[in-house]
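So you can see what is in the structure, the chains are spelled out below.
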Amino acid sequence: MAFLTDLDRTYTTPEDICAHVGDEYARFMGAIVPPVFQNSLFVRPNAGNGVEDAGYVYTRASNPTIDIAERKIAALEGGEGALCFASGMGAISSAIMHFARAGGHIVLVDSAYGCTLGLIRDYLSKRFAVEFTNVNGSSVEEIENAIRPNTTLIYLESPSSMLFRMQDIEQIARIARERGIGTIMDNSYSTPLYQQPLKYGIDIVCHTASKYLGGHSDIVAGALASRDRDIITSIQDYERAWFGNNMDPHAASMLIRGIRTLPVRLPQHSANAEKVVRFLESDPRIIKVNYPGSATYGQNDLFHKYMKRASGLLSFIPKGTEEQIRAFCARLRYFQNGVSWGGFESLCVTSGVLDTTPEIGRKAFVVRMHIGLENVDTLIDDISQALEVLPKV
Ligand SMILES: Cc1ncc(COP(=O)(O)O)c(C=O)c1O
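Bear in mind the structure is a predicted one, so any value in this text is a computation, not a measurement. (Residues numbered from 1 in each chain as written. Predicted model: local features only at pLDDT ≥ 70, side-chain atom pairs only at ≥ 80, totals over all residues. Heavy atoms only, no water.)

Q: Would you mind going over the pattern of salt bridges in detail, with residue names and values included?
A: In the structure shown here, the tally under the stated rule is 20 salt bridges. Here D110 and R165 are joined by a salt bridge, their closest N and O atoms 2.9 Å apart. Residue D110 is located in the loop between β3 (105–109) and α4 (114–128), and its partner R165 is located in the loop between β5 (151–157) and α6 (169–178); the two are separated by 55 residues in the primary sequence. Of the charged contacts, one joins E178 and R174 as a salt bridge, the two residues approaching to 3.1 Å between their closest N and O atoms. Here E178 and its partner R174 are both found in helix α6, four residues apart, which amounts to about one turn of the helix. Note on E178: relative accessible area 56%, which makes it exposed. What emerges from the salt-bridge pattern is a single network uniting D8, E24, R27 and R71. (Salt bridge = Lys/Arg side-chain N within 4 Å of Asp/Glu carboxyl O. Helix = DSSP H or I, 4+ residues; strand = E, 2+ residues; numbered from the N terminus. Buried < 20%, exposed > 50% of the residue type's maximum accessible area, 1.4 Å probe, protein only.)

Q: So what's going on with the packing of aromatic side chains? Residues and values would help.
A: Counted according to the given criterion, the structure contains eight aromatic pairs. Note on Y212 and W341: the rings are 5.6 Å apart at their centroids and 70° apart in plane angle, and the pair reads as edge-to-face. In this pair, Y212 is assigned in the loop between β7 (204–208) and β8 (222–226) and W341 in the loop between β11 (336–337) and β12 (347–355), connecting sequence segments 129 residues apart. Take W341: its relative accessible area is 7%, and that puts it in the buried class. Above the face of the F3 ring, R229 is positioned so that its terminal group lies 4.2 Å from the ring centre. Sitting above the plane of the F85 ring, R240 keeps its charged end 6.0 Å from the centroid. (Phe/Tyr/Trp six-rings, centres within 6.5 Å; stacked < 30°, edge-to-face > 60°. Lys NZ or Arg CZ within 6 Å of the ring centre and 35° of its normal.)

Here you go:
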């Protein structure tokens, strides 16, 4: 668990926070990159000598390298403190457990990440009698109507990571706060560079740091941040300490390195994705492109209210049969078939998804692409040659 220090608060731009929060040259013998404290235990040779105790006991509880990653994430999200975890699901499950109560009720958006939905629908509900209501999330009234006297949590993910559905964060946070209901939001798609949910009253913001924060597809990691010190302290003392899902210090050092270059990487993902979106939108073989930053995106008002820019993840519904769409993906050379996203590399997955918008209104076969940091014209040429397998009319 780490809270922001007075020095951390002197860094105010995202670039400076990513580069310099946690620099403590005097503490680490002038090392320009802080050392990796790859130790389980902290002994106390000075105990009883009146020398100040650094406060570290055991890495499952806290560790100086993990602290630095946490302070960077807290500062980026505009929080007071943050906690890192062994995975995104470690962060999400700990946040949910903080608010869940046996016999209580959770309102959750049905487009949230699959394992998050599974945790609530299949695990907490069946084993601990936690009730839940699925909502589409596009309408604030729908969420308000789903609230019951025993609701303890509203869980949001905006935009979601397949169809990019968004929620009105500020309105929902206000409604929850008025009723003493907790709110959690998965902000992995945007990262704090493009969207800061805590500013709008969300209690806990969660991340899979395996995606953009890490940025190189070489760590599985998670984090959460909050403005409420009591929430951070409670999750540190209960869920993280007792479920034992803290981040490994080596992963923390890789995460710190990833965060340093986030302000350079993320806009490049966005610029590449925006060009790919323009290309896809002009091709007659594509029925619909889902991308929050596109002018044709159905929730433009929410996009402009909350997000600075859209990132590198997009999806589209092409013409053709399931077999033809699979053949399109197989023909791509630069886009590897893989479920994750947020790394340097371009990826592609297909999935059958119920699209309820008026222009589709049925179960459709969706292609999701993560646009990596390769040359964007090479990527467009690759998509173009693969599109040849799809019908033109
Ligand atoms: C939107 C979103 N949230 C959470 C997770 C879970 O993160 P992790 O795989 O780091 O546990 C994922 C993983 O793909 C995700 O896409």
